[in-house]
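Structural overview
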Amino acid sequence: MGDEYPSMFRSEQMSLVQLYIPTEVAHDTVAELGELGNVQFKDLNPTVNPFQRSFVGEIRRFEDMARRVRFFVSQIEKEKDVVPIRPLYDSAPLITVGPSAAHTIDELDVLLAEHETRLLQMNESYKLLSERTKELIEARYVLRETAGFFAKAETQQPDIRTSFDDSSAPLLQHDDRENQYSSTVQFDLEFVAGTIDRARIPTFERVLWRVLRGNLYMNHTDIVEPFVDPTTGSETRKNVFIIFAHGDALLAKIRKVAESMGATLYPIDANADKRSDSLREVTARLEDLQTILYNTGANRRTELVTVGQNLARWQDVVRKEKVIYETMNLFNYDVRRKTLVAEGWCPTRDIARIQVALGHATEESGTGVVPILHELSTNKTPPTFNRTNKFTEGFQSIMDSYGIATYQEVNPGLFAIITFPFLFAVMFGDIGHGLIILFAALYMIMNERKWAKGGLGEIVGIFFFGRYIILLMGMFSVYTGLMYNDIFSKSLHIWHSGWYFPESNGTVLHGVSNGHVYLFGLDPAWHGVDNALVFTNSYKMKMAIVLGVIHMTFALCLQLPNHIKFKRPLDIYANFIPQMIFLQSIFGYLVICILYKWTIDWGKASTAPPSLLNMLIAMFLSPGSVDSKSQLYPGQGFVQVVLLLLAVICIPWMLCMKPYFLWKDMQKIQGQGYVGLDHDGPRESSDEVMEIEEEGNGRVIVEEMEEEHHDFGEVVIHQIIHTIEFCLGCISHTASYLRLWALSLAHAQLSEVLWDMTLGGVLGMEGIFGFIVIALTIVLWFTLTVGVLCLMEGLSAFLHALRLHWVEANSKHYEGGGYAFTPLSFAKLDDKE
């Protein structure tokens with residue numbers, strides 16, 4: 001029945017299929033199967049070098065096209081203003097199958113090359129223009145600052161040292177000598193001017209001072225405007241400098257030092273009129289260059305906008321075509337039939353759909369040759385494929401993260417849909433906090449179509465992927481919050497309380513039962529009383545043990561359908577039955593005692609309520625002897641002795657039974673004269689059998705064997721380890737479920753502390769000031785509630801629930817020895833990218 005009606009209880013039944021695909025329809029066939037997404041192809045050329053396969057040329061071509069597309073993406077990302085990219089669902093598809101497919105790909109290749117060439121030319125032109133503009137801007141600043149320096153020097157002529165043709169003339173001249181020169185040639189000085197990185201100015205000054213031994217005069221000023229590199233986009237701050245020195249040798253040294261430190265030197269004339277002419281010329285050329293630069297940038301952006309309108313569909317086509325030819329490289333080429341031979345795994349119930357897809361590919365290609373599909377018999381272990389939808393996908397991924405289930409093994413992901421959010425809610429039980437995460441999940445679900453189309457980022461994407469997990473966690477948290485009667489650390493009085501507190505003059509009030517029973521959940525009378533923590537501690541601790549043993553028992557029961565499915569009756573008698581008896585004789589008995597103790601009204605009993613922990617310890621240390629003062633029920637000593645003996649008997653039962661029967665089977669087989677395959681000679685096959693295997697016809701038998709052969713010593717060691725692990729695990733795993741109690745208690749106490757330290761101290765304030773304080777405190781309290789209690793505490797409870805499923809539950813039944821089904825699917829290309 002499991003094969004006729006597939007479900008999440010087991011993985012899908014898989015088939016190994018063989019395809020004979022004519023070369024003229026191979027591309028369209030693989031494209032159709034990629035759209036279908038349910039065939040995992042095998043590599044039939046494992047010994048062939050990737051560079052020696054049939055379709056290396058096509059793959060290189062599409063890799064080059066993919067490089068161009070990545071270049072377009074990088075150019076769009078570097079653009080300061082956002083370039084709109086039309087989404088794939090809003091773009092007209094490119095037809096890459098059928099008779100015109102090759103022409104379409106050729107056109108696309110030419111189009112991408114043209115766009116790349118234009119963009120490269122524009123980038124190069126923009127870079128050259130930007131560098132020239134940068135040089136002219138620097139020259140303009142140098143001319144301005146130099147002119148300003150000389151203008152300043154004219155007002156301080158006595159302090160200026162000028163050089164004349166006469167090398168023996170003193171550097172400081174008298175005013176009457178200076179007045180004989182006209183204003184246009186007043187300063188005939190030797191100097192070097194240019195720009196340098198602002199960070200190098202101190203080093204530049206120290207080097208010049210040491211090289212020239214102080215025989216220079218240097219002045220520098222900041223350039224306010226930063227220079228932006230058009231390639232990297234990095235900003236550089238520069239300074240204009242002018243250095244005066246005497247003699248060609250010193251000027252040559254200055255130029256060498258400046259060039260070695262990355263400075264840019266500009267030839268500036270000492271004549272003021274010539275400097276003015278140069279400044280006007282530079283300004284005019286700069287204006288022309290800026291106009292050209294703007295037009296070049298506008299043309300480049302227009303080109304990028306055109307690319308952005310088609311970028312998504314180009315990416316889609318290039319990715320698909322590359323994957324198609326990579327897949328075709330896995331096939332064998334049959335020279336005699338001129339066909340490609342492919343093998344792969346697919347779900348058995350999808351074979352009919354694959355046949356339809358093959359026929360559709362033939363129609364699209366315009367040929368009359370249909371690919372042939374055969375189902376093969378094999379001893380290979382198929383991949384594990386659990387068919388999921390958007391609701392079950394998140395829960396299945398949680399289990400797959402622990403390990404891929406063995407083929408046709410019971411899938412724990414089905415049961416995790418309920419058990420995971422429930423165990424989370426036991427630790428997170430609060431009506432208010434549950435409603436917060438419930439509404440958050442509903443908001444994501446209502447907007448899932450819009451959110452699924454756009455990039456959400458890594459963190460938000462993780463929450464969006466698990467939106468249905470969060471939905472159930474919120475629903476179960478509301479339920480357990482009702483059980484705990486806890487909403488933001490306060491209680492709800494929905495029904496009539498079973499306790500009342502009579503007025504008393506004493507300092508201590510004792511609750512008195514009024515005969516009512518609170519209908520659902522914890523009685524609100526327990527909130528705020530002195531012994532509330534003692535009561536909830538005991539209640540939640542025992543509840544954690546009960547839930548833990550039930551969860552482990554259920555997980556252990558999942559062994560049974562596995563043993564029946566895989567025809568392992570020995571494991572039922574040698575593993576499942578003794579393990580169940582061992583677990584129930586100790587911890588199942590403890591759960592029954594907890595439930596029985598809850599049913600007794602100890603206020604009317606003649607004895608005090610016994611400590612169940614001491615009872616369990618005494619059961620091992622002094623079996624059969626029970627103190628009458630701590631006796632829970634009549635005949636307790638005899639029952640505990642019987643249960644203890646059963647638990648002790650189960651240990652050698654698990655330890656010896658399976659190795660003994662396996663040893664007997666091995667002796668029986670050897671007694672009949674059978675030996676292993678490795679002792680036989682080479683396999684002989686007749687020509688007829690070889691022809692049948694070559695032709696296929698649905699009768700090909702795959703000869704690879706995967707059976708593992710272990711000697712008796714390995715079986716014994718494995719069973720010893722398995723027995724010790726189970727016996728110790730029962731104790732440690734039961735104690736591990738106490739995390740349900742610990743985290744639930746911590747969550748409730750943290751919620752109460754947060755309330756008392758925020759809203760608890762301001763709710764009684766009155767007036768306008770009180771209203772403002774309360775409003776601000778509500779914002780603070782809600783922010784801390786969402787950030788600390790819902791996100792941080794929620795993540796903690798999530799991880800603990802994850803551990804309880806992975807370790808405590810899955811270790812009881814889960815083999816996890818399979819490998820995932822990874823079909824050729826175009827829908828998953830974005831995830832791989």
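Residues numbered from 1 in each chain as written. Predicted model: local features only at pLDDT ≥ 70, side-chain atom pairs only at ≥ 80, totals over all residues. Heavy atoms only, no water.

Side note on the overall build of the chain
- Counting its secondary structure elements, the chain contains 24 helices and 13 strands.
- Within the chain, buried positions represent 42% of all 833 residues.
- Within the chain, residue pairs in contact and separated by at least 24 positions form 80% of the contacts whose partners lie at least 6 positions apart. (Helix = DSSP H or I, 4+ residues; strand = E, 2+ residues; numbered from the N terminus. Buried < 20%, exposed > 50% of the residue type's maximum accessible area, 1.4 Å probe, protein only. Contact = heavy atoms within 4.5 Å.)

Looking at helix α21 (residues 712-736)
- For α21, spanning 25 residues, the distance from its first C-alpha to its last is 35 Å, which sits close to the expected 36 Å at 1.5 Å a residue.
- Within α21, the axis deviates most sharply at G729, by approximately 35°.
- Turning to α21, its buried residues number three or more, namely V715, Q719, T723, F726, C727, G729, C730, H733, T734 and S736.
- Where α21 is buried, its residues meet α15 (532-557), α17 (569-599), α19 (636-671), α22 (739-757) and α23 (767-809). (Expected span 1.5 Å × (residues − 1). Bend = angle between axes of the 7 residues up to and from the residue.)

Some words on unusual backbone geometry
- Backbone geometry places N485, a non-glycine residue, at a positive phi of 55°.
- Relative to the helices and strands, N485 resides in the loop between α14 (467-484) and β12 (499-500).
- The phi torsion at K567 lies on the positive side, around 55°, for a residue other than glycine.
- In this fold, K567 is placed in the loop between α16 (559-565) and α17.

Things to note about a nonpolar patch on the surface
- Side chains of I459, V460, F463, L750, L780, L784, V788, L791 and M792 sit close together on the surface and give an oily, nonpolar patch of about 770 Å² of accessible area.
- Of all the secondary structure elements, the ones that give two or more residues to the nonpolar patch are α13 (458-465) and α23.
- Element by element, the count of residues in the nonpolar patch is highest for α23, at 5 residues.
- Tracing the backbone through its elements, the reader meets V788 in helix α23.
- Residue V788 is classed as partly exposed on the basis of its relative accessible area, which comes to 31%. (Patch = residues over 30% accessible without salt bridge, like charges linked within 9 Å, V, L, I, M, F, W, Y side chains within 5 Å. Areas by Shrake-Rupley, 256 points an atom, 1.4 Å probe, with all protein chains shown as cover. Salt bridge = Lys/Arg side-chain N within 4 Å of Asp/Glu carboxyl O.)

Structural notes on the pattern of salt bridges
- Going through the model one piece at a time under the given rule, you end up with 28 salt bridges.
- Note that D316 and K320 form a salt bridge whose closest N and O atoms lie 3.3 Å from each other. Linking D316 with K320, this pair stays in helix α7 (residues 272-328), spanning 4 residues, or about one helical turn.
- Taken together, the shared-partner salt bridges connect R61, D64, R67, R68, D106, D109 and E116 into one network.

Considering the nonpolar core
- Counting 80 residues, the largest nonpolar core has F420, F582 and L740 as the members making the most contacts within it.
- Of all the elements, α17 adds the most residues to this core, at 12 residues.
- Aside from chain neighbours lying at most four places away, what touches F420 is I398, I469, M473, F798, A801, L802 and H805.
- Counting residues in each nonpolar core, the second largest holds 46 residues, with F71, M328, A357 and F826 among its members. (Core = buried A, V, L, I, M, F, W, Y, C linked by side-chain atoms within 4.5 Å.)

Here we look at the sheet that holds strand β8 (residues 264-266)
- Strand order in the open sheet formed by 4 strands is β4-β7-β3-β8, and the pairing between neighbours is antiparallel. Of all strands in the sheet, those bounded by a partner on one side alone are β4 (217-222) and β8. For this sheet, the mean angle separating the axes of adjacent strands, direction not counted, is 25°.
- The sheet contact formed by β4 and strand β7 (residues 238-244) spans 6 bridges and is antiparallel. (Pairing = 2+ DSSP bridges. Axes fitted to C-alpha atoms, helices over the stretch in contact; angles between N-to-C directions.)

Focus on the environment of E32
- With respect to the secondary-structure elements, E32 resides in helix α1 (residues 23-36).
- Residue classification places E32 among the partly exposed residues on the basis of a relative accessible area of 22%.
- Excluding its chain neighbours within four sequence positions, the residues that come into contact with E32 are A357, H360 and A361.

So, the packing of helix α10 (residues 412-428) against α14
- Interhelical geometry of α10 versus α14 gives an angle of 50° and a closest axis separation of 8 Å. The orientation of α10 relative to α14 falls into the category oblique. Taken as a pair, α10 and α14 cross one another with a handedness that is right-handed. Listed contacts from α14 to I417, I418, F420, P421, F422, F424, A425, V426 and F428 of α10 are I469, L472, M473, F476, S477, T480 and Y484.
- Split by residue class, the contact of α10 with α14 holds 14 nonpolar, 2 polar and no charged. (Parallel < 35°, antiparallel > 145°, perpendicular 65-115°, else oblique. Left-handed = near helix turned anticlockwise from the far one by under 90°. Nonpolar A, V, L, I, M, F, W, Y, C, P; charged D, E, K, R; others polar.)

As for the packing of aromatic side chains
- On inspection of all chains with the given rule, the structure shows 31 aromatic pairs.
- With a centroid separation of 5.5 Å and an interplanar angle of 50°, the aromatic rings of F191 and F244 are classed as tilted. Of this pair, F191 sits in strand β3 (residues 191-197) while F244 sits in strand β7; the two residues are 53 residues apart in sequence, bridging distant segments of the chain.
- The exposure class of F244 is buried, given its relative accessible area of 11%. (Phe/Tyr/Trp six-rings, centres within 6.5 Å; stacked < 30°, edge-to-face > 60°.)

Looking at the packing of helix α18 (residues 612-621) against α19
- At a closest axis distance of 10 Å, the pairing of α18 and α19 adopts a crossing angle of 65°. Handedness of the crossing formed by α18 with α19: right-handed. Touching M615, M619 and F620 of α18 are Q636, Q640, L643 and L644, all from α19.
- Here the contact of α18 with α19 is composed, by residue class, of 5 nonpolar, 2 polar and no charged.

Let's talk about the confidence of the model for the chain
- Per-residue confidence for the chain gives a mean pLDDT of 84, with 89% of residues at or over 70.
- Counted against residues more than four places away or in other chains, residues 159-187, with its pLDDT under 50, gives 32 contacts.
- Across residues 677-686 the pLDDT falls below 50, and counting only partners more than four positions away or on other chains, this stretch makes 4 contacts in the model. (pLDDT = per-residue confidence, 0-100.)

A short note on the pairing of strand β1 (residues 14-22)
- Burial runs high along β1: 9 of the 9 residues are buried.
- By the alternation rule, side chains of β1 split into M14, L16, Q18, Y20 and P22 and S15, V17, L19 and I21, which are all buried.
- Where β1 lies against strand β10 (residues 339-347), 9 bridges are found, and the strand directions are antiparallel. Bridge pairing in β10 links V17 to G344.

Digging into the side chain of D334
- Residue placement: D334 occurs in strand β9 (residues 332-334).
- Among the residues examined, D334 registers a relative accessible area of 17% and is labelled buried.
- Once you skip the residues sitting within four places of it in the chain, D334 turns out to touch T339 and V341.

As for the environment of F726
- Within the secondary structure layout, F726 lies in helix α21.
- Residues F726 and K812 lie 86 residues apart in sequence; the distance between their C-alpha atoms is 7.9 Å.
- Apart from the residues within four sequence positions on either side, F726 is in contact with L556, Q579, F582, M654 and K812.

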